[in-house]
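Summary of structural features
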Amino acid sequence: MGRRIGIKDVAAAAGVSATTVSHILNEVEGKRINAETRQRVLETARELGYAPNGLARGLRLKRSNTIGFVSDQIATTPHAGRIILGAQEEAAKHGLLLLMLNTGGDPELERKEIDLLLQRQVDGVLYASMYHRVVEVPERLRSVPTVLLDARSDDPGVPSVVPDEVLGGETAVRELVRHGHRRIGFINNVDDIPATHGRLEGYRRALAEAGIAEDPRLVVAETTDAVGGYRAALRLLQAEPRPTALFCFADRLAMGVYRAAAELGLSIPADLSVIGFDNQELICDGLFPGLTTVALPHYEMGARAVAQLLALTGAQDHGTGSAAQEMLPCPLVARASVASPPRL
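Residues numbered from 1 in each chain as written. Predicted model: local features only at pLDDT ≥ 70, side-chain atom pairs only at ≥ 80, totals over all residues. Heavy atoms only, no water.

Scanning the chain for helices and strands turns up 12 helices and 12 strands. At 27 Å, the chain has a C-alpha radius of gyration far larger than the 20 Å of a compact globule built from 344 residues. Here the C-alpha coordinates of the chain stretch approximately 90 × 40 × 40 Å along the principal axes. Here the chain holds 344 residues, and 47% of them are scored as buried. Carbon and sulfur atoms provide 51% of the accessible area of the chain, an area that totals close to 17,100 Å². (Helix = DSSP H or I, 4+ residues; strand = E, 2+ residues; numbered from the N terminus. Rg over C-alpha atoms; globule rule 2.2 N^0.38 Å. Buried < 20%, exposed > 50% of the residue type's maximum accessible area, 1.4 Å probe, protein only. Areas by Shrake-Rupley, 256 points an atom, 1.4 Å probe, with all protein chains shown as cover.)

Counted at 1.5 Å a residue, the expected span for helix α6 (residues 107-119) with its 13 residues is 18 Å, and the 18 Å between its end C-alpha atoms agrees. Taken residue by residue, α6 has E110, E113, I114, D115, L117 and L118 as its buried positions. Those residues of α6 that are buried are in contact with β1 (66-71), β2 (97-102) and β3 (124-134). Where α6 begins, the side chain of D106 points an oxygen toward the backbone nitrogen of E108, at a separation of 3.0 Å. Downstream of α6 by a residue or two, Q121 has a phi angle that is positive, lying close to 55 degrees. (Expected span 1.5 Å × (residues − 1). Contact = heavy atoms within 4.5 Å. Polar contact = N/O pair within 3.5 Å; in protein donor to acceptor, adjacent residues only side chain to side chain.)

With parallel pairing, six strands are arranged side by side in an open sheet as β2-β1-β3-β4-β5-β11. A single partner strand is all that each edge strand has here, and the edge strands are β2 and β11 (325-328). Neighbour-to-neighbour, the strand axes of this sheet turn through a mean angle of 20 degrees, independent of strand direction. The pairing of strand β5 (residues 160-163) with β11 spans four bridges and is parallel. When the bridges of β11 are listed, P163 appears paired with L328. (Pairing = 2+ DSSP bridges. Axes fitted to C-alpha atoms, helices over the stretch in contact; angles between N-to-C directions.)

This brings us to the domain arrangement of the chain. The extent of an interface is frequently quoted as the accessible surface area lost upon association of the parts. If you check the domain split of the chain, you get domain 1 (7-52), domain 2 (66-162 + 299-327) and domain 3 (165-296). When each unit is reduced to the centre of its C-alpha atoms, the spacing between domain 2 and domain 3 is 32 Å. For the pair domain 2 and domain 3, the summed buried surface comes to about 480 Å²; carbon and sulfur atoms form 69% of the total. The tally of links from domain 2 across to domain 3 stands at zero salt bridges. At the boundary of domain 2 and domain 3, one finds one residue pair in polar contact (both at pLDDT 80 or more). The leading source of residues in the side of domain 2 that touches domain 3 is β3, at four residues. (Domains from an automatic or database assignment. Buried area = accessible area lost by both parts, 1.4 Å probe. Salt bridge = Lys/Arg side-chain N within 4 Å of Asp/Glu carboxyl O.)

To continue, consider the packing of aromatic side chains. Overall, the coordinates contain three aromatic pairs when judged by the stated rule. Ring centres 4.7 Å apart and planes at 15 degrees place the aromatic pair F186 and F247 in the stacked group. With F186 in strand β6 (residues 184-189) and F247 in strand β8 (residues 245-248), this pair connects stretches of sequence that are 61 residues apart. The burial state of F186 is the same as that of F247; both residues are buried. Taken together, the aromatic side chains of F186, Y203, F247 and F277 make up a single cluster linked through ring pairs. The side chain of R133 reaches across the aromatic face of Y131, ending 5.8 Å from its centre. The ring of F249 has R199 sitting right over it, with the charged end atom 4.3 Å from the ring centre. (Phe/Tyr/Trp six-rings, centres within 6.5 Å; stacked < 30°, edge-to-face > 60°. Lys NZ or Arg CZ within 6 Å of the ring centre and 35° of its normal.)

A few words on the pattern of salt bridges. When the charged atoms of two side chains with opposite charge come close together, those side chains can pair. All chains considered together, the criterion is met by 20 salt bridges. Close ionic contact of D72 with R133 constitutes a salt bridge, the shortest N to O distance being 3.2 Å. Note that D72 is positioned in the loop between β1 and α5 (81-93) and R133 in strand β3, a separation of 61 residues in sequence. Assessed through its relative accessible area of 25%, R133 is described here as partly exposed. For K93, the salt bridge is made with E90, and the minimal N-O distance between the two is 3.5 Å. Placement of the pair is K93 and E90 together in helix α5, with a separation of three residues, close to one helical turn. Classification of K93 as exposed rests on a relative accessible area of 64%. Ionic contacts of the salt-bridge type, sharing partners, join the residues E170, R174, E201, R205 and E209 into one network.

Okay, the packing of α5 against helix α12 (residues 298-313) next. Contact geometry of α5 with α12 gives a least axis separation of 6 Å together with a crossing angle of 40 degrees. In terms of their interaxial angle, α5 and α12 are classed as oblique. Handedness of the crossing formed by α5 with α12: right-handed. Contacts between α5 and α12 pair R82, I83, L85, G86, A87, E89, E90 and A91 from the former with H298, Y299, M301, G302, A303, V306 and A307 from the latter. Partitioning the contact of α5 with α12 into residue classes produces nine nonpolar, three polar and three charged. (Parallel < 35°, antiparallel > 145°, perpendicular 65-115°, else oblique. Left-handed = near helix turned anticlockwise from the far one by under 90°. Nonpolar A, V, L, I, M, F, W, Y, C, P; charged D, E, K, R; others polar.)

Moving on to the sheet that holds β6. Across the sheet, which stays open at both edges, the six strands sit in the order β7-β6-β8-β9-β10-β12 with mixed pairing between neighbours. Pairing within the sheet leaves two strands with one partner each, and these edge strands are β7 (219-222) and β12 (332-333). Looking at chain direction, β6 and β8 are connected through four bridges and run parallel. The residue bridging I187 from the neighbouring strand is C248, located in β8. Helix α8 (residues 194-209) rests against β6, β7, β8 and β9 (273-278) of the sheet, and its axis sits at about 170 degrees to β6. Most of the contacts of helix α10 (residues 251-263) go to β9, to which it runs at about 155 degrees, and overall it touches β6, β8, β9 and β10 (292-295).

In structure tokens, the structure reads:
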């Protein structure tokens, strides 16, 4: 009781040498050990509750079978939690453990956490951001395989996994065009981040693809919250002629759009179609009617980042070659806020 079971304990109980036990438990190739002995040793180890010394094995194989996950605020952000789940489940498939550390955006804490991971000799690090942005890779991470997650570097040699913001914008507007809308407004974000520029570019491309001339008056930038969405919607919906559909940079903006539409006596989707971005389920399912939106592929990004890290470390051949700056598609999630336009 309370004592760690070792190889010598298994050897004594199984009636074989410690060397034989070591060869069997470590699956050493080329050793002529009969099947009966092998089975007896494995059963004895299981009965005794033997657990291999991961540290010693890691030193021998020069691998720790652990991956560091350093984030700014993802661990405290519910709607991005699927990034963590995707990374965890992909790591588990390959017998790897994810060590997750949250910095809260504190540079000094981040430095200490990275040093801790390096001291633990992690096989690689996922450096994750709460939202898609351009980051500077910490100098200390240059010594270990690193993949950026929901972030990218201006250095094309730094591998990363991010959402395809342009394609996501196109997907949203194409859905509105498919229902017959021609006068489509866009409530964008005020922040200078990749998503702001990418989703606007997608909006413009989808309009051009449908042969619709862009009207600058239909694009408004606001703070990405319900109040910002409300202000922008009032401005757009009181114009003449008003848009028959609104594409919102984020689902939070759509909450304000619903409020403005109700105050103006507009029914969604009969009088106004609305489409969001993010697929924050608490918002999308909580609004009535349910908000059609474009999902950020959080789970898939987490899984792909681990796959890229495995490719970098040579731990797994995923057939993708060296890791790269990768963009994942953002799928449409149809609910009930989009319909054909009314006759104005």
